Amino acid sequence: MNARKSLKVNGKGHLEIGGADCAELAKQFGTPLYVLDEAHIRAMMRIYRDTLEREYGNGIVLYASKAFSCTAIYAIAKQENIGVDVVSGGELFTAMKAGFPAERIFMHGNNKLPNEIAYALDCKVGTIVVDAYSEADLIDDEAQKRGMIQDVLLRINPGVEAHTHAYIQTAKTDSKFGFSISDGTAEKMTEYLLSKKNLRMRGYHCHIGSQIFEKQSFVLAVEKSLKFISEMKDSLEFEADTLNLGGGFGIWYNDEDVKTDLDGYADSLRTLLDAVKTGCAHYGLQLPRIALEPGRSIVGEAGITLYTVGAIKNIPNVKKYIAVDGGMFDNPRYCLYQAKYTAVLANRANETPCEYVSVAGKCCESGDLIGVNMNLPEARTGDVLAVLSTGAYNYSMASNYNRNLIPPVVLVKNGKAEYIVRPQTYEDLTRNDIIPEYLK
Ligand SMILES: *Cc1c(COP(=O)(O)O)cnc(C)c1O
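Rules behind the numbers
Residues numbered from 1 in each chain as written. Predicted model: local features only at pLDDT ≥ 70, side-chain atom pairs only at ≥ 80, totals over all residues. Heavy atoms only, no water. Helix = DSSP H or I, 4+ residues; strand = E, 2+ residues; numbered from the N terminus. Buried < 20%, exposed > 50% of the residue type's maximum accessible area, 1.4 Å probe, protein only. Contact = heavy atoms within 4.5 Å. Areas by Shrake-Rupley, 256 points an atom, 1.4 Å probe, with all protein chains shown as cover. Lys, Arg positive; Asp, Glu negative; His and termini not counted. Charge placed at Lys NZ, Arg CZ, Asp CG, Glu CD. Near = heavy atom within 4 Å. Polar contact = N/O pair within 3.5 Å; in protein donor to acceptor, adjacent residues only side chain to side chain. Nonpolar A, V, L, I, M, F, W, Y, C, P; charged D, E, K, R; others polar. Core = buried A, V, L, I, M, F, W, Y, C linked by side-chain atoms within 4.5 Å. Pairing = 2+ DSSP bridges. Right-handed = clockwise from strand over helix to strand, strands pointing away. Phe/Tyr/Trp six-rings, centres within 6.5 Å; stacked < 30°, edge-to-face > 60°. Lys NZ or Arg CZ within 6 Å of the ring centre and 35° of its normal. Axes fitted to C-alpha atoms, helices over the stretch in contact; angles between N-to-C directions. Parallel < 35°, antiparallel > 145°, perpendicular 65-115°, else oblique. Salt bridge = Lys/Arg side-chain N within 4 Å of Asp/Glu carboxyl O. Expected span 1.5 Å × (residues − 1). 1 Å grid on protein atoms, 1.4 Å probe; cavity = no way out; pocket = protein on both sides within 12 Å on 5 of 7 lines; lining within 4 Å. Points joined across faces, edges and corners; volume = space filled by probe spheres on them.

**Here's the deal with the overall build of the chain**
Step number 1: Check the secondary structure of the chain and you find 12 helices and 21 strands.
Step number 2: Viewed in the frame of its principal axes, the chain has a C-alpha envelope of about 70 × 60 × 40 Å.
Step number 3: Burial statistics for the chain: of 440 residues in total, 58% are counted as buried.
Step number 4: Residue pairs at least 24 apart in sequence account for 70% of intrachain contacts in the chain once pairs closer than 6 positions are excluded.
Step number 5: Roughly 19000 Å² of accessible area belongs to the chain as shown, and the carbon and sulfur atoms make up 49% of that amount.
Step number 6: Across the chain, 48 positive and 55 negative side-chain charges occur, with their mean positions spaced 3 Å apart.

**Focus on the site of the ligand**
Step number 1: Lys66, Ser210, Glu293, Arg296 and Tyr393 are the nearest of the 15 residues found near the ligand.
Step number 2: Taking Glu293, its side chain carries an N or O atom lying 2.6 Å from a nitrogen atom of the ligand.
Step number 3: In the model, an oxygen atom of the ligand is placed 2.6 Å from a nitrogen or oxygen of the Tyr393 side chain.
Step number 4: Against a free-state accessible area of 390 Å², the protein chains account for coverage of 94% of the ligand.
Step number 5: Each residue belonging to the shell around the ligand can be placed in one class, and the counts come to three nonpolar, seven polar and five charged.

**Considering the nonpolar core**
Step number 1: Counting residues in each nonpolar core, the largest one holds 110 residues, and the members touching the most others are Ile41, Tyr63, Phe68, Tyr204 and Leu385.
Step number 2: The element best represented in this core is helix H8 (residues 215-236), accounting for nine residues.
Step number 3: Ala20, Cys22, Leu306 and Val410 belong to the second largest nonpolar core, which has 22 residues in total.

**Brief notes about the pairing of strand S6 (residues 83-86)**
Step number 1: In S6, alternate side chains face the same way, and those of Gly83 and Asp85 on one face and Val84 and Val86 on the other are all buried.
Step number 2: Relative to S6, strand S5 (residues 59-64) runs parallel, the two being bridged by three bridges. By the bridge assignment for S6, Ala64 is matched with Asp85.
Step number 3: In this view, the connection linking S5 to its parallel neighbour S6 by way of helix H3 (residues 71-79) has right-handed handedness.
Step number 4: By the bridge criterion, three bridges tie S6 to strand S7 (residues 105-107) in an arrangement that is parallel. When the sheet's bridge partners are listed, Asp85 is paired in S7 with Phe106.

**Overview of the packing of aromatic side chains**
Step number 1: Evaluated as defined, the whole model comprises 12 aromatic pairs.
Step number 2: Here the aromatic cluster, defined as three or more aromatic residues joined through ring pairs, consists of Tyr48, Phe218, Phe249 and Tyr265.
Step number 3: Here Lys259 stacks its cationic end above the ring of Trp252, 5.0 Å away from the centre of that ring.

**Thoughts on the side chain of Asn404**
Step number 1: Residue position: Asn404 is located in the loop between strand S19 (384-388) and strand S20 (409-413).
Step number 2: In this structure the side chain of Asn404 is engaged in a polar contact, spanning 3.1 Å, whose partner is the backbone oxygen of Tyr401.
Step number 3: Ignoring any residue separated from it by four or fewer positions in sequence, one finds Asn404 in contact with Phe329, Lys362, Cys363, Ser399, Gln424 and Leu429.

**Things to note about the sheet that holds strand S1 (residues 7-9)**
Step number 1: What the three strands build is an open sheet, ordered S1-S2-S3; its pairing is antiparallel. Across the chains shown, the open sheet's two edge strands, defined by having one partner strand only, are S1 and strand S3 (20-21).
Step number 2: Pairing between S1 and strand S2 (residues 15-17): three bridges, direction antiparallel. In the sheet register, Leu7 faces S2, and the bridge partner there is Ile17.

**Let's talk about the packing of helix H6 (residues 133-145) against helix H7 (residues 185-194)**
Step number 1: For the pair H6 and H7, interaxial distance at closest approach is 11 Å and the crossing angle is 10 degrees. With respect to their mutual orientation, H6 and H7 come out roughly parallel. On the side of H6, the interface is formed by Tyr133, Ala136 and Asp137, while H7 contributes Lys188, Met189, Tyr192 and Leu193.
Step number 2: Split by residue class, the contact of H6 with H7 holds five nonpolar, no polar and two charged.

**Brief notes about the pattern of salt bridges**
Step number 1: The full count for this structure, using the stated rule, is 29 salt bridges.
Step number 2: A salt bridge links Glu256 to Lys340, with the shortest nitrogen-to-oxygen separation between them at 3.2 Å. Taken together, the positions of Glu256 in the loop between strand S12 (242-244) and helix H9 (262-283) and Lys340 in the loop between helix H11 (333-337) and strand S16 (343-345) put the pair 84 residues apart, joining distant regions of the chain.
Step number 3: Via salt bridges that share partners, Glu38, Arg42, Arg46, Arg49, Asp50, Glu80 and Lys413 belong to a single interconnected network.

**What about H8?**
Step number 1: Relative to the 32 Å expected for 22 residues at 1.5 Å per residue, H8 spans 31 Å between its end C-alpha atoms, a close match to the ideal helical length.
Step number 2: Turning to H8, its buried residues are Ser217, Phe218, Val219, Ala221, Val222, Ser225, Leu226, Phe228, Ile229, Ser230, Met232 and Leu236.
Step number 3: Turning to H8, the residues buried within the fold contact strand S9 (150-157), H7, strand S11 (199-205), S12 and H9.
Step number 4: In the segment just after H8, Glu237 is the residue with positive phi, at about 55 degrees.

**Considerations on the layout of surface pockets**
Step number 1: Put simply, the second largest pocket is a space of about 590 Å³.
Step number 2: Taken together, 27 residues form the lining of the second largest pocket, with Asp255, Tyr341, Thr342, Ala343 and Asn375 sitting closest to its centre.
Step number 3: Counting residues per element, the ones that place at least two in the lining of the second largest pocket are S16 and strand S18 (369-376).
Step number 4: Among the elements that line the lining of the second largest pocket, the one with the most residues is S18, at six residues.

**Examining the pairing of S19**
Step number 1: Judged by how many residues are buried, S19 sits mostly within the fold: five of five residues are covered.
Step number 2: Covered by surrounding structure in S19 are Val384, Ala386 and Leu388 together with Leu385 and Val387, the residues of both alternating faces.
Step number 3: Judged from the three bridges that link them, S16 and S19 form a sheet pairing that is antiparallel. In the strand pairing of S19, Leu345 is matched with Leu385.

Right under this line is the structure:
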């Protein structure tokens with residue numbers, strides 16, 4: 001099933017996640033429902049943390065919380081003694097609310113708002129990754145007001161194209177993210193940051209893309225970044241002491257993807273760390289502190305979404321649609337970039353798939369699909385459909401489109417499930433609505 005074998009078919013022929021029967025979960029909590037396997041999340045956090053510690057020593061793993069953010073995930077990251085990165089005031093607030101230690105928070109964003117920067121400084125976040133001149137000015141001003149020196153990194157663009165879907169690449173020269181090494185803007189910006197009295201320039205950050213299986217693309221980004229660090233040492237007498245290599249490790253969604261077990265992730269990380277050591281030796285650099293920001297690979301395969309099959313529409317000689325009680329409001333990734341998933345009938349998981357169907361959502365958009373060509377046994381109304389590998393970028397991208405309720409999230413541990421995000425209610429939908437007097 002998935003790469004980690006946390007999904008199984010049990011004796012009743014039902015899909016099981018982390019020891020919990022998915023048909024039972026659907027009954028107990030209703031559908032649509034996001035389900036996350038805690039053991040899987042912890043195992044992923046640990047493999048990155050322990051490999052970095054063992055193979056390199058001076059480093060920090062940051063869970064990229066945009067992949068899935070709610071208070072419980074920060075509580076888990078805190079217990080696992082790793083850091084997190086946040087990309088908005090809202091993610092930062094959620095982390096703080098969970099009691100996450102601020103010094104282990106890195107803050108990202110290509111357009112951090114003035115109030116987000118002020119809030120980050122009030123929280124005393126460990127590091128801010130700068131991505132604009134105006135931002136450097138703002139952080140410096142706010143730090144000065146508070147009598148602080150803020151640690152910063154500069155987001156650079158090493159110009160490495162990771163081989164993955166074009167829409168989810170961020171490091172091409174034409175990108176809203178980062179300062180390019182090749183056109184000299186990264187050097188100018190380094191100089192600018194060094195001139196700021198209330199900023200402590202620590203080094204660089206790069207993130208070359210997402211859902212990457214090609215280790216060589218990470219190695220290339222490491223090589224280019226170290227070459228740049230060496231050039232800055234020569235030209236500006238600034239030797240970076242931190243290099244943040246971003247996230248991007250790929251996960252299994254369907255059989256076009258590689259299934260990577262824990263050793264596989266450790267192996268990729270080792271390759272990357274070897275490249276750091278080799279590059280530093282080559283350029284005569286001190287080994288920098290290495291930060292990594294895996295998001296998708298920590299939570300992605302740990303999660304599934306359970307739906308109930310509703311309307312079934314067979315268009316003769318065209319295709320068959322199976323409609324579920326969710327859709328683009330809980331998983332917009334097919335609509336955004338034709339993301340592919342694997343689906344299973346959770347209550348008949350031992351039956352052999354026999355047809356290819358499109359799984360449709362319930363939104364008023366013809367593009368509202370969860371997937372096309374999904375291979376399933378003949379589904380019947382009332383079946384529980386599980387879509388696999390939905391732990392990352394599903395709940396975090398969910399919306400109330402069509403005023404559908406964002407599904408709750410349960411965390412499974414040793415076969416027992418508990419809410420970590422409660423169900424929304426219709427009242428929640430109108431909580432902030434106001435009818436102005438003149439409309440009454
Ligand atoms: C999205 C993002 C990540 C996480 O990427 P994954 O593919 O989920 O591992 C890490 N760092 C930055 C800056 C990002 O934008």
